[in-house]
Amino acid sequence: MPVQCSSCSEKRAVLKRPKTGHSLCKECFFWAFEEEIHQTIVSAKLFKTGESVGIAASGGKDSTVLAHVMKVLNERYSYGLELMLLSVDEGITGYRDDSLETVKRNQQQYELPLKIVSYEELYGWTMDAIVKQVGLKNNCTFCGVFRRQALDRGAIMLKVDKICTGHNADDVAETVLMNVLRGDIARLRRCTTISTDSENEGVVPRCKPLKYAYEKEIVLYAYFKKLDYFSTECIYSPNAYRGYARTYLKDLESVRPSSIMDVIHSGENLSVREGVKMPVQGTCSRCGYISSQKLCKACVLLEGLNRGLPKLGIGKHHRFHDKILSQQPLTEEEERKLKAVDF
Amino acid sequence: MAALLLFVSVSKKCVKCKEAPAALVIRAGDAYCRLCFKDFFIHKFKAVLGKNRIIFPGEKVLLAVSGGPSSCSMLRQVQEGLSQKANKKLRFVPGVAFIDEGAAIGQSVEERQRTVAELQAVFQATGFPFYILPLEQVLDLPASVVATNPSPSEQPASAYKAAVHHFVETDGSNFPRPQEPKKTLLPRVQESHTLMLQQLLGSVKTLTAREELLNTLRQHLLVHTARTEGYSKLMLGDSCTRLAVKLLTSISLGRGAQLAQDTGFSDSRYGDIILVRPMRDYSAKEVAYYNHLFTVPYVVIPSVDTKTVDKASIQRLTESFVTKLQTDFPSTVSTIYRLQLHTCFMHISALNISCVLQVSSDSLAVKPSTFFEASTADSSLWVLIAELSVLHLYYRLPETTRLKSLLCYSCALTVRDMVSDDVFDPFMHEL
């Protein structure tokens, strides 16, 4: 006996929502999904009318769905936003070059302006070259740090007021779990906020409209809407520590589906003791980007790469900042420790 | 493993005394001989109590012993501590409480009596007064058990030193003597009570919620016993490994707001009874080594999640995850555990809001006055829950709505698993 849609009771249900278990027809699911994002945007006051917003697009399912939904909601509810696509080319052959083709197609499909920034032009290094030097264990650190800065620089070039990224509920929950496993209380405090607030001139505020959308629902939405997206995993990511948190989260979801929201709830309501040392925001002495140390992490990593000491940015490196700034060479002992391990 | 130990004992000396051959290795590089390990272990216990100056001389402290290795080790440490020379002695008056949860795991009366007899022998050997509490007693608890009683006037840190000084000077003669253990008869349990408890637990659809409920019932029974028998502190035997798993589980269950109370050294949510966790710095490995080397008696009692698959419950899944991760990254347990040092207790005063099951504050607010109005009309909270579960009431009915407004986020999840077949019942979701 076919199941009726639990919302409109007219059409046949074609799917079961992972978040709520309701059986819904396509249209009702689209409506529910889009409405929830609209509620997220409105209740968190993410945007102001007339702002220009850069959508961080990688060509993957999250950013494609984000671009689509932002366009739909912008028209439906007259947000009055000027939308643009912003993409980062990390220089990973076989992965990023293919996904960038998808972004270019998205630009045509959604009729939005597109800007692509690449690691090559910003830093002089592609991820392929970095992995050759660093190996397969700590490469995600490099990519993530560089991408953050790349997005900001791209946003400044595009002259947008805000950036929005496609981080979904699963991503935020994984980040909470990862920070618990790493014992990083400072990040734990910040990672569940839906938007960064920024009074600094050099940094564009960013937000996560998909924060409460389950990854499974995003996939379902993209599938049923027949959206064009690129669905391969990054070839360099299998050894990332985040993988452990992800496996645990997926298992949690299979035991109790609301776990993803529960983890986010825990992260949001964590009460941190007074007097816990938190980083203070300043600027990098070399490139002017925001940083809590003398040198921003990207500069330290770059320095390490350029000097052939890939481990410079991994682990504790505060002592080296002065030496780097004054262009002093490091002692032999220090150099030995920072070289890559032979594998 | 045995080969490694042999290798160690033959060629390695204890890192502390550097004389005796090492008998075991705790962390990488830390090889200890028997006696140095014993000193290290005992010292840690006294240090954690001394640093957190929370147990005053002469205070009555109830030790919650589950029969497992950690809590039995704690019992042994208390014995050791009390029997030492005057200036290094532990100075409180202990009692022991054991909760017989045989009904929860479906044990027969004979099995339960056998377990209890074994433990009784262990307790009698210590000479402390002990209380065997069948879990069924929780059904008779008054609703007031979940209230936060006003704590006795806050004693500042300076009072601790003065109190110790006073105790030493008067030779402890003014303080209550350890009681003679009463001839405790094993309490008789009515079969109807056992049945009711089993119905209550059986009505919970998921193992996760069942374990949470058991935790709550256990804690309430312990607090109630402590109150009625005049104890002001309750010592729990959670080891570091157990607490790290508990922390991660709490996050997964939505209890992030209550981390400091659930996993911290002291938990003062009940006001007059303070829960203390002195075994928090011992990893499960250290406890196991100590118990083995110094023959600490303990009894293996199955629990509701014994021999279940990894994904049977969130607690079980987390335990398996953390222990597996620990093998690849040896600092996992201590890193997770240390997180609770950075969290703080969201203080609740008697007039403030609290969840009735966990007596902790969270973003879902409740007023205790509403609860008391409700409960005096409907007798105790437990009968209310029992009725709900037995009759499978759905969320549309007023009792459930009132109950929902009295619970914090994660307890609402637990109760949802009791009252509804649907894991996605809108009872829960306000999004």
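As annotated in an unreviewed UniProt entry, chain B carries the name Cytoplasmic tRNA 2-thiolation protein 2 and is attributed to Maylandia zebra. If you open the UniProt record of chain B and go to Subcellular location (unreviewed entry), you find "Cytoplasm". The Sequence similarities (unreviewed entry) comment attached to chain B in UniProt states, word for word, "Belongs to the CTU2/NCS2 family."

An unreviewed UniProt entry lists chain A under the name Cytoplasmic tRNA 2-thiolation protein 1, with Astatotilapia calliptera given as the organism. One UniProt comment on chain A, placed under Pathway (unreviewed entry), says "tRNA modification; 5-methoxycarbonylmethyl-2-thiouridine-tRNA biosynthesis." Per UniProt, chain A has the following entry under Sequence similarities (unreviewed entry): "Belongs to the TtcA family. CTU1/NCS6/ATPBD3 subfamily."

## A look at the overall build of chain A
For chain A, the helix and strand inventory stands at 14 helices and 9 strands. At 21 Å, chain A has a C-alpha radius of gyration in line with the 20 Å of a compact globule built from 343 residues. Counting only residues that meet the buried cut, chain A has 53% of its 343 residues in that class. Contacts in chain A between residues at least 24 apart in sequence constitute 69% of all its contacts with a sequence separation of at least 6. Here chain A displays about 16200 Å² of accessible surface, and carbon together with sulfur accounts for 50% of that area. In chain A, 49 positive and 43 negative side-chain charges are present, and the distance between their average locations comes to 4 Å.

## Here we look at the sheet that holds strand β5 (residues 130-134) of chain B
Residues and elements named next belong to chain B. Across the sheet, 6 strands lie side by side as β5-β4-β3-β6-β8-β7; this open sheet has mixed pairing. The sheet terminates laterally at β5 and β7 (266-267), the two strands that pair on one side only. Examined bridge by bridge, strand β3 (residues 60-64) and strand β4 (residues 93-100) share 5 bridges and lie parallel to one another. Bridge pairing in β4 places K60 opposite V93.

## Concerning the interface of chain B and chain A
Each partner contributes residues to the interface: chain B has 41 residues there, and chain A has 34 residues. Both faces considered, chain B and chain A share a buried interface measuring about 3400 Å² in area, 68% of it formed by carbon and sulfur atoms. Where chain B touches chain A, the interface holds 1 salt bridge. Grouping the amino acids of the side of chain B that touches chain A by side-chain chemistry returns 21 nonpolar, 14 polar and 6 charged.

## Overview of the domain arrangement of chain B
When the parts come together, some accessible area is lost, and that loss is often what is quoted as the size of the interface. Residues and elements named next belong to chain B. By the assigned domains, chain B splits into domain 1 (7-53) and domain 2 (55-152 + 179-350). On the domain 2 side, the residues contacting the 17 residues of domain 1 number 26 residues. Carbon and sulfur atoms supply 71% of the area buried between domain 1 and domain 2, which totals about 2100 Å² over both sides. Put simply, domain 1 and domain 2 have 2 salt bridges between them. Two residues, K44 and E286, come together in a salt bridge whose shortest N-O distance is 3.2 Å. Taken together, the elements giving at least two residues each to the side of domain 1 that touches domain 2 come down to β1 (24-25) and α2 (34-51).

## Focus: the pairing of strand β4 (residues 82-89) of chain A
All names here are of chain A. Extensive coverage of β4 is indicated by the burial of 6 of its 8 residues. When strand β3 (residues 52-56) meets β4, the two strands line up parallel, connected through 5 bridges. For V53, the partnering residue across the bridge sits in β4 and is L83. Handedness of the β3-helix α2 (residues 61-76)-β4 crossover: right-handed. By the bridge criterion, 5 bridges tie β4 to strand β5 (residues 114-118) in an arrangement that is parallel. Paired with V88 across the two strands is V117, which belongs to β5.

Cut-offs used in this document
Residues numbered from 1 in each chain as written. Chains lettered and ligands numbered in written order. Predicted model: local features only at pLDDT ≥ 70, side-chain atom pairs only at ≥ 80, totals over all residues. Heavy atoms only, no water. UniProt positions renumbered as here; feature names shortened; annotations may be inferred. Helix = DSSP H or I, 4+ residues; strand = E, 2+ residues; numbered from the N terminus. Rg over C-alpha atoms; globule rule 2.2 N^0.38 Å. Buried < 20%, exposed > 50% of the residue type's maximum accessible area, 1.4 Å probe, protein only. Contact = heavy atoms within 4.5 Å. Areas by Shrake-Rupley, 256 points an atom, 1.4 Å probe, with all protein chains shown as cover. Lys, Arg positive; Asp, Glu negative; His and termini not counted. Charge placed at Lys NZ, Arg CZ, Asp CG, Glu CD. Pairing = 2+ DSSP bridges. Buried area = accessible area lost by both parts, 1.4 Å probe. Salt bridge = Lys/Arg side-chain N within 4 Å of Asp/Glu carboxyl O. Nonpolar A, V, L, I, M, F, W, Y, C, P; charged D, E, K, R; others polar. Domains from an automatic or database assignment. Right-handed = clockwise from strand over helix to strand, strands pointing away.

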